[in-house]
Amino acid sequence: MKFPVNFLMVNRSAVLAEWTRCTRIIGLLGLLILAGLLQACGATKVLYNQAPDFAYWYLDGQLAFTDAQSLQVKDALAKLQAWHRQNQLPGAMAVLQKLQQQMPSDMDARAACAPLVELQRQWVALADQAQPAIAAVAGTLGAEQLVQLEQRFALGNAYFQSDFLEARPRDVQDRRLQQAISRAEVLYGPLDHKQLSVIRRHIEQSHFDARLIYAERLRRQQDLLQTLRPLIAGQASPQATQAALHGLLDRTRHSPDPAYRRYSDKMARQTCAVLADLHNSTTAAQRRHAVQTLNGQVQDLSDLSAHTP
């Protein structure tokens, strides 16, 4: 794999840790842009401009691309980023500007989650835009690459089991609490006792169900593998491949498991509630901090949107 010089100068483990940390921050705030590759961190522009490299690195680790596939995937990622830069960065900037304007006032749960709703629409549009390129690559995959993918799934599942299914419930709760606090402090700065209590209460009352999440995780993995197997090595027509992948994306967005759909809706409502409760407990100084943080992100998005590589 080839990366820009400035990328090679950074320790990969450290970069991945920071990338993951930032993605989780965005998950809390509902600011999901470019599949989590645009980070609400100090290095927004650097990470955005290198997003195709990060995405390629991740995908290659899952599938071990051939040389021909590498060229195809890199080209597709570059084109997808160019499309996103032109078509979605301005909308993302508008969402952040609206959120910035709301920061000085209290919010209800609906207002707190409005950015998530809008940016989820952008994510759907981005996934749809990527679908033809995904279909083209899927038709070139070989059986050994699906074995590699299945092995990567098994490794990730083992980590999930260790972190959530085999750990003591109290340890899982404490880890989730610390993660929520660190994410919130990126936006608001240090939290006081009252705000920590708000987060702690919501974590303790959470409907979080690791077993249900794990079951859905396994379902999606098997769905992906079963969808890809008839498509590899050019076994299916381009039209059949695109139709199969469209169905896969639809099942990913809307799980066929009614229990998981109910759970997902419940967790979404709870997330909106904790965001609103936390925001409404913040001080004027913390809200000014949030406005300044968002202002920096808006400026970064503006710079990125205006830049044409």
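Please read all numbers here as calculations on a predicted model, not as lab measurements.

Draft legend 1. Up close: the layout of surface pockets. Space inside the second largest pocket adds up to approximately 210 Å³. For the lining of the second largest pocket, the secondary-structure elements that each account for two or more residues are helix H8 (143–165), helix H9 (169–188) and helix H10 (193–204). If you tally residues by element for the lining of the second largest pocket, the top one is H9, at four residues. Per-class residue counts for the lining of the second largest pocket are eight nonpolar, two polar and four charged.

Draft legend 2. A look at the packing of aromatic side chains. Counted under the stated rule, the structure contains six aromatic pairs. One aromatic cluster is present, formed by Phe 160, Phe 164, Phe 208 and Tyr 214 through successive ring pairs. Sitting over the face of the ring of Tyr 56, Lys 74 holds its NZ or CZ atom 4.8 Å from the ring centroid. The cationic tip of Arg 175 hangs over the ring face of Phe 164; the distance from NZ or CZ to the ring centre is 5.8 Å.

Draft legend 3. Representation of the pattern of salt bridges within the structure. Considering all chains together, one arrives at twelve salt bridges under this definition. A salt bridge links Arg 170 to Asp 174; the shortest N-O distance between them is 3.4 Å. One end of the pair, Arg 170, and the other, Asp 174, are both in helix H9, four residues apart, so they sit about a helical turn from each other. Note that Arg 251 is salt-bridged to Asp 223, the shortest N-O span being 2.7 Å. A residue pair is termed long-range when its members are at least 10 positions apart, and Arg 251 in helix H12 (residues 238–253) and Asp 223 in helix H11 (residues 210–228) qualify at 28 residues. The partly exposed category is assigned to Arg 251, whose relative accessible area is 29%.

Draft legend 4. Summary view of the packing of H8 against H11. Viewed as axis vectors pointing N to C, H8 and H11 meet at an angle of 180 degrees, and their least axial separation amounts to 11 Å. The pairing of H8 with H11 is recorded here as roughly antiparallel in orientation. Listed contacts from H11 to Leu 146, Leu 149, Glu 150, Phe 153, Gly 156, Asn 157, Phe 160, Gln 161, Phe 164 and Leu 165 of H8 are Ala 210, Arg 211, Ile 213, Tyr 214, Arg 217, Leu 218, Gln 221, Gln 222, Leu 224, Leu 225 and Leu 228. Each residue belonging to the contact of H8 with H11 can be placed in one class, and the counts come to 13 nonpolar, five polar and three charged.

Criteria and thresholds
Residues numbered from 1 in each chain as written. Predicted model: local features only at pLDDT ≥ 70, side-chain atom pairs only at ≥ 80, totals over all residues. Heavy atoms only, no water. 1 Å grid on protein atoms, 1.4 Å probe; cavity = no way out; pocket = protein on both sides within 12 Å on 5 of 7 lines; lining within 4 Å. Points joined across faces, edges and corners; volume = space filled by probe spheres on them. Helix = DSSP H or I, 4+ residues; strand = E, 2+ residues; numbered from the N terminus. Nonpolar A, V, L, I, M, F, W, Y, C, P; charged D, E, K, R; others polar. Phe/Tyr/Trp six-rings, centres within 6.5 Å; stacked < 30°, edge-to-face > 60°. Lys NZ or Arg CZ within 6 Å of the ring centre and 35° of its normal. Salt bridge = Lys/Arg side-chain N within 4 Å of Asp/Glu carboxyl O. Buried < 20%, exposed > 50% of the residue type's maximum accessible area, 1.4 Å probe, protein only. Axes fitted to C-alpha atoms, helices over the stretch in contact; angles between N-to-C directions. Parallel < 35°, antiparallel > 145°, perpendicular 65-115°, else oblique. Contact = heavy atoms within 4.5 Å.

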